[in-house]
Amino acid sequence: MPGLLDFRHLRARFGWGQFVMLSALLCCALGLLGFAWLVDEALEGGTRAFDETILLALRNPADRGDPIGPLWLEIMMRDYTALGSHAVLILIGMVALGYILFLRKWASALLLAVSFGGGMLINGLLKQGFDRSRPDLVAHLAEVHTASFPSGHAMLSATCYLTLGTLLAGVTEARRLKAYILGIAVTLTVIIGMSRVYLGVHWPTDVLAGWALGAAWAIACWLALRIWVAWQDRAGSGRSAGGPSAGAGLAPEGEARPSGRSNPAAPCKH
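Note that the structure is predicted; figures quoted are calculated from it, not measured.

S.K.: Kindly report on helix H5 (residues 86-102), identifying the contributing residues and their values.
M.R.: Its 17 residues place the ends of H5 24 Å apart at the C-alpha level, agreeing with the 24 Å of an ideal helix rising 1.5 Å per residue. Taken residue by residue, H5 has Leu89, Gly93, Ala96 and Ile100 as its buried positions. End-on view of H5: buried residues confined to an arc of 70°, all on one side of the axis. Along H5, the residues that are exposed and aim more than 90 degrees away from the buried face are Ala87, Leu91, Met94, Val95, Tyr99 and Phe102. Turning to H5, the residues buried within the fold contact helix H6 (106-130) and helix H7 (152-170). Arg104, located one to two residues past H5, shows a positive phi value of around 60°.

S.K.: If you had to explain the pattern of salt bridges to someone new, which residues and values would you point to?
M.R.: Pairs can form between side chains of opposite charge once their charged atoms are near each other. By the definition in use, this model includes four salt bridges. In this structure, Arg132 engages Asp51 in a salt bridge whose closest nitrogen and oxygen atoms are separated by 3.2 Å. Here the residue Arg132 occupies a position in the loop between H6 and H7, and Asp51 occupies one in helix H3 (residues 48-57), the gap between them amounting to 81 residues. Of the residues examined, Arg132 reaches a relative accessible area of 14% and is grouped as buried. A residue is classified by how much of its surface remains accessible, and Asp51, at 1% relative accessible area, is buried.

S.K.: Summarise the side chain of Thr47; cite the residues concerned and give the values.
M.R.: Within the secondary structure, Thr47 sits in the loop between helix H2 (16-43) and H3. Among residues more than four places away in sequence, those in contact with Thr47 are Glu41, Ala42, Arg132 and Thr205.

S.K.: Could you give an account of the packing of aromatic side chains, with specific residues and numbers?
M.R.: Under the criterion given, the structure shown has two aromatic pairs. The interplanar angle of 85° and the centroid separation of 5.2 Å between the aromatic rings of Phe130 and Phe149 together place this pair among those described as edge-to-face. In this pair, Phe130 is assigned in helix H6 and Phe149 in the loop between H6 and H7, connecting sequence segments 19 residues apart. Among the aromatic residues, ring-to-ring pairing joins Phe35, Phe130 and Phe149 into one connected group.

S.K.: Give me the nonpolar core: which residues, what numbers.
M.R.: Leu112 and Leu164 are the most contacted members of the largest nonpolar core, which has 28 residues in total. A total of eight residues in this core trace back to one element, the largest contributor, which is helix H9 (residues 204-239). Residues Phe35, Phe149, Ala212 and Leu213 belong to the second largest nonpolar core, which totals nine residues.

S.K.: Summarise the packing of H5 against H6; cite the residues concerned and give the values.
M.R.: Contact pair H5 / H6: the axes reach a minimum separation of 9 Å and the direction vectors enclose 165°. If you check the angle between H5 and H6, you find them roughly antiparallel. In the crossing of H5 with H6, the sense of the turn from one axis to the other is left-handed. Contact residues: H5 offers His86, Leu89, Ile90, Gly93, Ala96, Leu97, Ile100 and Leu101, while H6 offers Trp106, Ser108, Ala109, Leu112, Phe116 and Met120. The residue makeup of the contact of H5 with H6, split by class, is 11 nonpolar, three polar and no charged.

Reading the values: the criteria
- Residues numbered from 1 in each chain as written.
- Predicted model: local features only at pLDDT ≥ 70, side-chain atom pairs only at ≥ 80, totals over all residues.
- Heavy atoms only, no water.
- Helix = DSSP H or I, 4+ residues; strand = E, 2+ residues; numbered from the N terminus.
- Expected span 1.5 Å × (residues − 1).
- Buried < 20%, exposed > 50% of the residue type's maximum accessible area, 1.4 Å probe, protein only.
- Arc of directions from axis to C-beta.
- Contact = heavy atoms within 4.5 Å.
- Salt bridge = Lys/Arg side-chain N within 4 Å of Asp/Glu carboxyl O.
- Phe/Tyr/Trp six-rings, centres within 6.5 Å; stacked < 30°, edge-to-face > 60°.
- Core = buried A, V, L, I, M, F, W, Y, C linked by side-chain atoms within 4.5 Å.
- Axes fitted to C-alpha atoms, helices over the stretch in contact; angles between N-to-C directions.
- Parallel < 35°, antiparallel > 145°, perpendicular 65-115°, else oblique.
- Left-handed = near helix turned anticlockwise from the far one by under 90°.
- Nonpolar A, V, L, I, M, F, W, Y, C, P; charged D, E, K, R; others polar.

Next up, the structure:
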């Protein structure tokens, strides 16, 4: 009998769209559980030895202000970390939102706005609530002015790039290309988080918590929107014979909305 982790059996039983939704729900739950565990451990000091070991391993033992590796690596890490700054992420978000609005993809625009805006608000509130100090074990190689936990760069880059990745993957038919796009989004998120630890401005657990919560938030927004769009599609299909579609507001003006259920794995098609 196939086990619960037999992915081929699950795909055959639920269909690809439902399998993607279940996988996303599982990832969201794991991200929230991981964040909760890190909060409990980090704030009680249970991760102190782990954090210090990682930070010291990235510095010259004779000079904690000198990171390991050649000078070009330090310069590269400074450039990478800028990809997760508020200024860069807001710029990317506004450009992407403008493009989506020109296409009149209202559901995708809503996903982007809620994911970006909500992620920044949540991160700011959590930083103020936990008020964890920045690492004092090594010299900071980048300017910082806020609390440490959770890492804003790690959380917001996960939220930003994973959200954009799902939107791009949603208009791509080939599954290999979908995997490539999402892989790039994950890679950017990982590199940005690693750069924060390398530059000594975050404890490793700050970054892990930011990754976990940022991914969970991005996935939760995607799931909520997919459920809402599916409900709109069902309502529109049920009324198509006797009245206007309830979900017509999601389609471009002057363009008829396709009947039937939509593919829940394709956000940009609505």
